[in-house]
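# Overview (structure and organization)
For reference, the chains in residue letters:
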Amino acid sequence: YLAKGEPAKATEAFRRLVTLAPQDPRGHYYLGVGFRAQGKPLEAKKEYEAALALAPAYVEPLADLAAMALAEKQRDAALSRVTKQIALAPKAAGLQYLLGLVYSARGEPALAEGAFPKAIELEPLHYQAYNFLGSIYTKFKDGENALKNFEQAMAKNSSGVLKWWL
């Protein structure tokens, strides 16, 4: 229904999903997506929080909460919400990646530069983290030495994935 531009119908379908499986965080997340598509941010946030209460490492609802906070110019709130979730699920690579994105959106590339390698350390094939880390080195560091800096930052990657990825 969302793809057809019918968010109210989608929301009703997602509401049924939550009724059938109230402990499944995906239902709450999708219900939040439906509410957000209808322009109901408070209801969306409530469902995203419910999803995160059930699954602290669930990245998608947290990403939506952070995006909403950033869109509302609440940069500190976005950062606080992400760091709170990381405290609950410190080994979740996706949350570390999201932290890097929030730092980037806040205009803090040096802090983002620290978050993306943590995501990669936790999940050596986290391609988005490699991509954003490379972008930071290209945009904010010495462009000629970007590849060298990128390789040095990834030296901690014990899987060796960087060698074939580059």
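How each quantity is defined
- Residues numbered from 1 in each chain as written.
- Predicted model: local features only at pLDDT ≥ 70, side-chain atom pairs only at ≥ 80, totals over all residues.
- Heavy atoms only, no water.
- Helix = DSSP H or I, 4+ residues; strand = E, 2+ residues; numbered from the N terminus.
- Buried < 20%, exposed > 50% of the residue type's maximum accessible area, 1.4 Å probe, protein only.
- Areas by Shrake-Rupley, 256 points an atom, 1.4 Å probe, with all protein chains shown as cover.
- Salt bridge = Lys/Arg side-chain N within 4 Å of Asp/Glu carboxyl O.
- Core = buried A, V, L, I, M, F, W, Y, C linked by side-chain atoms within 4.5 Å.
- Contact = heavy atoms within 4.5 Å.
- Phe/Tyr/Trp six-rings, centres within 6.5 Å; stacked < 30°, edge-to-face > 60°.

## Details of the overall build of the chain
Each helix and strand counted, the chain has 10 helices and 0 strands in total. In the chain, the succession of α and β elements from N to C terminus is α-α-α-α-α-α-α-α-α-α. For the chain, with 166 residues in total, the buried portion stands at 40%. Roughly 9300 Å² of accessible area belongs to the chain as shown, and the carbon and sulfur atoms make up 56% of that amount.

## Looking at the pattern of salt bridges
Within this structure, the stated rule accounts for 8 salt bridges. One salt bridge in this structure joins Glu49 and Arg81, with 2.7 Å as the shortest N-O distance. In this pair, Glu49 is assigned in helix H3 (residues 41-54) and Arg81 in helix H5 (residues 75-88), connecting sequence segments 32 residues apart. Take Glu49: its relative accessible area is 32%, and that puts it in the partly exposed class. Measuring nitrogen to oxygen at the nearest pair gives 3.0 Å for the salt bridge that ties Arg106 to Asp76.

## Quick notes on the nonpolar core
Counting residues in each nonpolar core, the largest one holds 40 residues, and the members touching the most others are Tyr48, Val82, Leu99 and Phe116. If you list the elements that add at least two residues to this core, you get helix H1 (7-20), helix H2 (25-37), H3, helix H4 (59-71), H5, helix H6 (93-105), helix H7 (109-122) and helix H8 (127-140). When residues of this core are assigned to their parent elements, the largest contribution, 6 residues, is made by H6. Once you skip the residues sitting within four places of it in the chain, Leu99 turns out to touch Leu79, Val82, Thr83, Ile86 and Ala115.

## Examining the packing of aromatic side chains
Note on aromatic pairs: each is described by the distance of the centres and the angle between the planes. A complete count under the given rule lists 7 aromatic pairs for this structure. Ring centres 5.8 Å apart and planes at 35° place the aromatic pair Tyr29 and Tyr48 in the tilted group. Of this pair, Tyr29 sits in helix H2 while Tyr48 sits in helix H3, and the two are 19 residues apart along the sequence. Both residues of the pair, Tyr29 and Tyr48, count as buried. Through pairs of rings, three or more aromatic residues link up here, namely Phe14, Tyr29, Tyr30, Tyr48 and Tyr58.

Just geometry here; none of it tells us what the structure is for.
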